[in-house]
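The chain contents come next:
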Amino acid sequence: MRKLPPRYQNQRKGLIGIEDHCKQIESLLKIGSSEVKTLGIWGMGGIGKTTLATTLYDKLSHKFEDACFLANLSEQSDKPKNRSFGNFDMANLEQLDKNHSRLQDKKVLIILDDVTTSEQLDKIIPDFDCDFLGPGSRVIVTTRDKQILSRVDEIYPVGEWSFDKSLQLFCLTAFGEKQPNDGYADLSRMVVSYCKGIPLALKVLGAGFRSRSKEIWECELRKLQKIPNKEIHKVLKLSYDGLDRSEQDIFLDIACFFKGRDRCWVTRVLEAFEFFPAPGINILLDKALITISDSNLILMHDLIQEMGREIVHQESKDPGRRTRLWRHEEVHDVLKYNKVNGRCNCL
């Protein structure tokens, strides 16, 4: 079995830049050593964590006595789907518990995909000491929440793609080639600029624009400036849904008003609204919803900001009934015609 080619080799065709990520992670895992090592793959929604984990499974599983890929843990915290292969039966957590004793002498690879809580991790890896795994075993965890990875040996952050790699991925999806078709070069670059290095967005829009006329592309691009793609929005919103009420308020205020502002200044403003900004901002950092620049500015990916503003927009068709206003024309109309509902914040 170890001499046979990877079972899912075809799935890696067309993946851009994946081998560079795999080499870096393999270096961190130190596959040749006998110690048990754990690694977390962390990043925002849609950045390609699951694709990377699947590729790693395909490349590395044959080097272990047994291997298992537990997928979509965020959707099934009690009984995750089993995408595993070989004799290591982990169809659900109860079966994993029964296998703990017989795994102590086996070199195994376990990949836990899309973990959302520490409790999920503790159920699968008791106490997360990995004493029940044999020498040379490896555990890989993918998550949007960096705090969950506080006990792993290494953390590999997945960042935004470069423009050139993004263009190649989009073109592969839209045209089946790594470059745009004749007459579509400028439009393709506009789409890639909109996606800002997020593979999910590149694939979703590439599939949606495939075999469409230039007129349709132009219309869809104009539409995206006002109405976010619902498939992309749904994936990005999962991280927002995991926040408590105060953290959601902080996120929405940053998305609507404070992106690009000094962290200390934003903290003082939010404290006036009793939003508990110090821990709240740290939570947003851990969940990859914001970043902090070297000059202490709060930054946010454009698509995440768009998602936040869309949440506010969906509160009501009437701007005066929304909790936040940031478009100057809406602020003008609401104040001029006295339509503020008493809860609205304007900037």
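Residues numbered from 1 in each chain as written. Predicted model: local features only at pLDDT ≥ 70, side-chain atom pairs only at ≥ 80, totals over all residues. Heavy atoms only, no water.

**Here's the deal with the nonpolar core**
Right, on to step 1. In this structure, L52, L112, F170 and F251 are the most contacted members of the largest nonpolar core, which totals 93 residues.
Right, on to step 2. A per-element tally of this core places helix α10 (residues 245-258) first, with eight residues.
Right, on to step 3. For F170, the contacting residues outside a window of four places in its chain are S188, V191, V192, L202, L205, G206, F209 and W217. (Core = buried A, V, L, I, M, F, W, Y, C linked by side-chain atoms within 4.5 Å. Buried < 20%, exposed > 50% of the residue type's maximum accessible area, 1.4 Å probe, protein only. Helix = DSSP H or I, 4+ residues; strand = E, 2+ residues; numbered from the N terminus. Contact = heavy atoms within 4.5 Å.)

**Description of helix α13 (residues 302-313)**
Right, on to step 1. Its 12 residues place the ends of α13 16 Å apart at the C-alpha level, agreeing with the 16 Å of an ideal helix rising 1.5 Å per residue.
Right, on to step 2. Regarding α13, the residues found buried are L303, I304, Q305, M307, G308, E310, I311 and V312.
Right, on to step 3. Each element contacted by the buried residues of α13 is listed here: α6 (185-195), α7 (199-209), α9 (230-241), α10 and β9 (324-325). (Expected span 1.5 Å × (residues − 1).)

**Looking at the pattern of salt bridges**
Right, on to step 1. Following the criterion strictly, the structure yields 13 salt bridges and no others.
Right, on to step 2. In this structure, K106 and D66 form a salt bridge, with 2.4 Å as the shortest nitrogen-oxygen distance. Taken together, the positions of K106 in the loop between α3 (93-99) and β4 (108-115) and D66 in strand β2 (residues 66-71) put the pair 40 residues apart, joining distant regions of the chain.
Right, on to step 3. We note a salt bridge from K259 to D302, for which the minimum N-O separation is 2.5 Å. Here the residue K259 occupies a position in the loop between α10 and α11 (263-272), and D302 occupies one in helix α13, the gap between them amounting to 43 residues.
Right, on to step 4. Owing to a relative accessible area of 31%, D302 belongs among the partly exposed residues under this scheme.
Right, on to step 5. Here the salt bridges do not stand alone but share partners, grouping E19, E26 and K59 into one network. (Salt bridge = Lys/Arg side-chain N within 4 Å of Asp/Glu carboxyl O.)

**Things to note about the packing of aromatic side chains**
Right, on to step 1. By the definition in use, this model includes 10 aromatic pairs.
Right, on to step 2. Here F170 and W217 contribute two aromatic rings whose centre-to-centre distance is 5.7 Å and whose plane-to-plane angle is 80°, an arrangement assigned as edge-to-face. One end of the pair, F170, is in helix α5 (residues 163-175); the other, W217, is in helix α8 (residues 214-224), and 47 residues separate them in sequence.
Right, on to step 3. Judged by relative accessible area, F170 falls into the buried class, the value being 0%.
Right, on to step 4. On the basis of relative accessibility, which here comes to 0%, the residue W217 falls in the buried class.
Right, on to step 5. Consider the rings of F258 and W265, whose centres lie 5.6 Å apart with planes at 85°: the pair is edge-to-face.
Right, on to step 6. For F258, a relative accessible area of 7% puts it in the buried group.
Right, on to step 7. Ring pairing ties together the aromatic residues F170, F175, Y184, F209 and W217, which thus form one cluster.
Right, on to step 8. Above the plane of the ring of W42 lies K146, whose end atom (NZ or CZ) is 4.9 Å from the centre.
Right, on to step 9. Here R261 stacks its cationic end above the ring of W265, 4.1 Å away from the centre of that ring. (Phe/Tyr/Trp six-rings, centres within 6.5 Å; stacked < 30°, edge-to-face > 60°. Lys NZ or Arg CZ within 6 Å of the ring centre and 35° of its normal.)

**Comments concerning the packing of α6 against α7**
Right, on to step 1. Contact pair α6 / α7: the axes reach a minimum separation of 9 Å and the direction vectors enclose 145°. Along this stretch, α6 crosses α7, giving a crossing that reads as right-handed. Here V191, V192, Y194 and C195 of α6 come into contact with α7, specifically with A201, L202, L205 and F209.
Right, on to step 2. Along the lines of polarity and charge, the residues of the contact of α6 with α7 split into eight nonpolar, no polar and no charged. (Axes fitted to C-alpha atoms, helices over the stretch in contact; angles between N-to-C directions. Left-handed = near helix turned anticlockwise from the far one by under 90°. Nonpolar A, V, L, I, M, F, W, Y, C, P; charged D, E, K, R; others polar.)

**Brief notes about the side chain of D113**
Right, on to step 1. With respect to the helices and strands, D113 occurs in strand β4.
Right, on to step 2. You can call D113 buried: its relative accessible area is 1%.
Right, on to step 3. Separated by 2.8 Å, the side chains of D113 and T50 make a polar contact.
Right, on to step 4. Dropping the residues within four chain positions of it, D113 is found in contact with T50, F69, L70, A71, N72, L73 and T142. (Polar contact = N/O pair within 3.5 Å; in protein donor to acceptor, adjacent residues only side chain to side chain.)

**Here's the deal with helix α2 (residues 49-60)**
Right, on to step 1. The first and last C-alpha atoms of α2 sit 16 Å apart over 12 residues, in line with the 16 Å expected at 1.5 Å per residue.
Right, on to step 2. When you tally the buried positions in α2, you get 10 out of 12 residues, the bulk of the element.
Right, on to step 3. Among the residues of α2, those classed as buried are K49, L52, A53, T54, T55, L56, Y57, D58, K59 and L60.
Right, on to step 4. Elements in contact with the buried residues of α2: α1 (18-29), β1 (37-42), β2, β4, β5 (138-143) and β6 (154-157).

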